[in-house]
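Coordinates in review
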Amino acid sequence: MKPYAKAHILTDGHRDCINCLAFSPSGLYLASGGDDHTLIIWRVSDGSILYSLSFRCAVNTLLWHPTQEGVIFCGCQDGIVFRAKDFNLVTYSFNLPTLSLIHHPLKAQIFGSWLNLGFEGPVHCLDFNKSTNCLAVGIGHVVRALKEKPDGDYDGCIEFPNPRDPTPINSFTNERTICPRALHFYDHGRLLIVTYLNHGVVAWDVDKIVQVWCINPPFEAQQLGSSSLCTQTNVLVVHSLYAGIHMYCLDRQKAVRAFTCETESVRRHILSVSFIHNGNAIVSGAEAGNVCIWQTQHGNLLQVLEHGDDLIQAVAAFQNSIRYIATGSALKGQRNYIKIWRAPTGAYRFSQTTTHLD
């Protein structure tokens, strides 16, 4: 694989931990959210800030609408999901008292709505299925799904049952707390795959609201932080707080490969993980600065994106004719930053050589 090279370092945005990153479906924009209560939209081509929205609490998760251009969902620590739309960068108009535009060099016309989920708790994860027009939300200890109507409103909220306690209970933490950490619609929206912090991976039938199958991770990898789904190969890659990264075959619900980080960690943070190159590689956040890219077929380490010894929790990828990876730092106060990495265009060859880039 030709190595990714650093394209931009974005330093004038967040003033606290960067929790989430998401490229727009076009790849033209990058959204970032953090503990500083802000959502920032960046222009990828030059790394400039287009605008920044200030919420009343931390922004935990972001999701661009897959079919409606300029629509993004923001999941917040206080249980709010905000659906923002019409980012046409012409004029500014907004009248919600809990949301303010704090930086708008180009000025932006933004409209939006709050989604009433009927439940209090932090929003951990989001996913949207364009086949069924269904939005899934992991909030507090529950997972709910809502149907999107033609006018952009939502109704028909359903709640999935609680997963069963794992057997045995996590030996490291003795935790039974139910906490959905990642959501993935699967099989044309028929199934919703939920990665839980302490309860493994569960596939729910969306129509019948019943459990279809469950993946119990290896004993040492029971506490799960994030996951990414590759529909081309029917595999799920999962980050474990205590045992790194494992890849599971969904057809057999079995672990097929483990990926080893270069640096052993003792900090145990939740790190993002994402498939890239049509499922031929994965990229993961890093406890100590070394963001790794692995080949999925054999588990070879292909490239290391270096960030000193900084904690990198947020990772996102855009994979089309142009290929980007974005990485966001944490625990650096007002010195937090985002790096955008770009791969050269052309054919990709997956070699055995590891490349380090800082």
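Please read these numbers as outputs of a predicted model, since none were measured by experiment.

On to the overall build of the protein chain, then. Scanning the protein chain for helices and strands turns up 0 helices and 30 strands. For the protein chain, buried positions account for 56% of its 358 residues. Excluding contacts between residues fewer than 6 apart, the proportion of contacts in the protein chain whose partners are at least 24 apart in sequence is 49%. Accessible surface, the protein chain as shown: approximately 15000 Å² in total, 47% of it carbon and sulfur.

Turning our attention to the pattern of salt bridges. Taken as a whole, this structure holds 8 salt bridges when the rule is applied. Note that Arg 56 and Asp 78 form a salt bridge whose closest N and O atoms lie 2.7 Å from each other. Of this pair, Arg 56 sits in the loop between strand E5 (48–54) and strand E6 (59–64) while Asp 78 is found in the loop between strand E7 (72–76) and strand E8 (81–85), placing the two residues 22 residues apart along the sequence. When its relative accessible area of 47% is taken as the criterion, Arg 56 is described as partly exposed. Judged by relative accessible area, Asp 78 falls into the partly exposed class, the value being 31%. Salt bridges sharing partners connect three or more residues here, namely Asp 187, Arg 190 and Asp 205.

Below, the discussion takes up the pairing of strand E13 (residues 142–148). In terms of residue burial, E13 counts as a mostly covered element, since 6 of its 7 residues are buried. Strand direction decides the pairing type here: strand E12 (residues 134–139) and E13, joined by 6 bridges, are antiparallel. Within E13, the residue paired with Cys 134 across the bridge is Lys 147. The antiparallel pairing of E12 with E13 creates a hairpin that spans 2 residues between the two strands, and Gly 140 there sits at a positive phi of about 60°. Pairing geometry for E13 and strand E14 (residues 154–159), over 4 bridges, is antiparallel.

This part is about the environment of Ala 182. Locating Ala 182 in the fold gives a position in strand E15 (residues 180–186). On the accessibility criterion, Ala 182 (7% relative accessible area) is buried. Non-local contacts of Ala 182, meaning those with residues more than four positions away in its chain, are made with Cys 125, Ile 193, Val 194, Thr 195, Ser 226 and Ser 227.

Read across the sheet, 4 strands follow the order E15-E16-E17-E18 without closing on themselves; strand pairing throughout is antiparallel. The open sheet has two edge strands, E15 and strand E18 (210–215), and neither has a second partner. Neighbour-to-neighbour, the strand axes of this sheet turn through a mean angle of 25°, independent of strand direction.

Further remarks concern the sheet that holds strand E28 (residues 323–330). By way of backbone hydrogen bonds, the strands of a sheet pair with one another, either parallel or antiparallel. Pairing in this open sheet of 4 strands is antiparallel, and the strands run E1-E29-E28-E27 from one edge to the other. With partners counted over all chains shown, the strands left at the sheet margins are strand E1 (5–10) and strand E27 (311–319), one partner each. Across the sheet, the mean angle from the axis of one strand to that of its neighbour is 20°, orientation sign disregarded. When E27 meets E28, the two strands line up antiparallel, connected through 8 bridges. Counterpart to Ala 316 in the pairing with E28 is Ala 326.

Counting buried positions along strand E2 (residues 18–23) yields 5 of 6 residues, so the element is predominantly enclosed. Sheet topology places E2 next to strand E3 (residues 29–34); 5 bridges connect them, and they run antiparallel. Counterpart to Cys 20 in the pairing with E3 is Gly 33. Between the antiparallel neighbours E2 and E3 lie 5 residues, among them Gly 27 with a positive phi of about 80°.

Counting 19 residues, the largest nonpolar core has Ala 31, Leu 39, Ile 41, Phe 55, Leu 62, Ile 72 and Cys 74 as its most contacted members. Elements with a minimum of two residues in this core: E2, strand E4 (38–43), E5, E6, E7 and E8. Apart from the residues within four sequence positions on either side, Leu 62 is in contact with Cys 20, Ala 22, Ala 31, Ser 32, Gly 33, Leu 39, Ile 72, Phe 73 and Cys 74. Counting 16 residues, the second-largest nonpolar core is a separate cluster that includes Leu 21, Phe 318, Tyr 324 and Ile 340.

Before going further, it helps to examine the environment of Gly 289. Relative to the elements of secondary structure, Gly 289 occurs in the loop between strand E24 (281–284) and strand E25 (290–295). Under the relative-accessibility criterion, Gly 289 is labelled buried at 0%. When neighbours within four sequence positions are excluded, Gly 289 is seen to be in contact with Leu 305, Glu 306, His 307, Gly 308, Asp 309 and Asp 310.

On average, the protein chain scores 85 in pLDDT, and the residues at 70 or more come to 81%. This model gives residues 88–111 a pLDDT under 50, and the stretch forms 71 contacts once residues within four places in sequence are excluded.

Parameters and conventions
Residues numbered from 1 in each chain as written. Predicted model: local features only at pLDDT ≥ 70, side-chain atom pairs only at ≥ 80, totals over all residues. Heavy atoms only, no water. Helix = DSSP H or I, 4+ residues; strand = E, 2+ residues; numbered from the N terminus. Buried < 20%, exposed > 50% of the residue type's maximum accessible area, 1.4 Å probe, protein only. Contact = heavy atoms within 4.5 Å. Areas by Shrake-Rupley, 256 points an atom, 1.4 Å probe, with all protein chains shown as cover. Salt bridge = Lys/Arg side-chain N within 4 Å of Asp/Glu carboxyl O. Pairing = 2+ DSSP bridges. Axes fitted to C-alpha atoms, helices over the stretch in contact; angles between N-to-C directions. Core = buried A, V, L, I, M, F, W, Y, C linked by side-chain atoms within 4.5 Å. pLDDT = per-residue confidence, 0-100.

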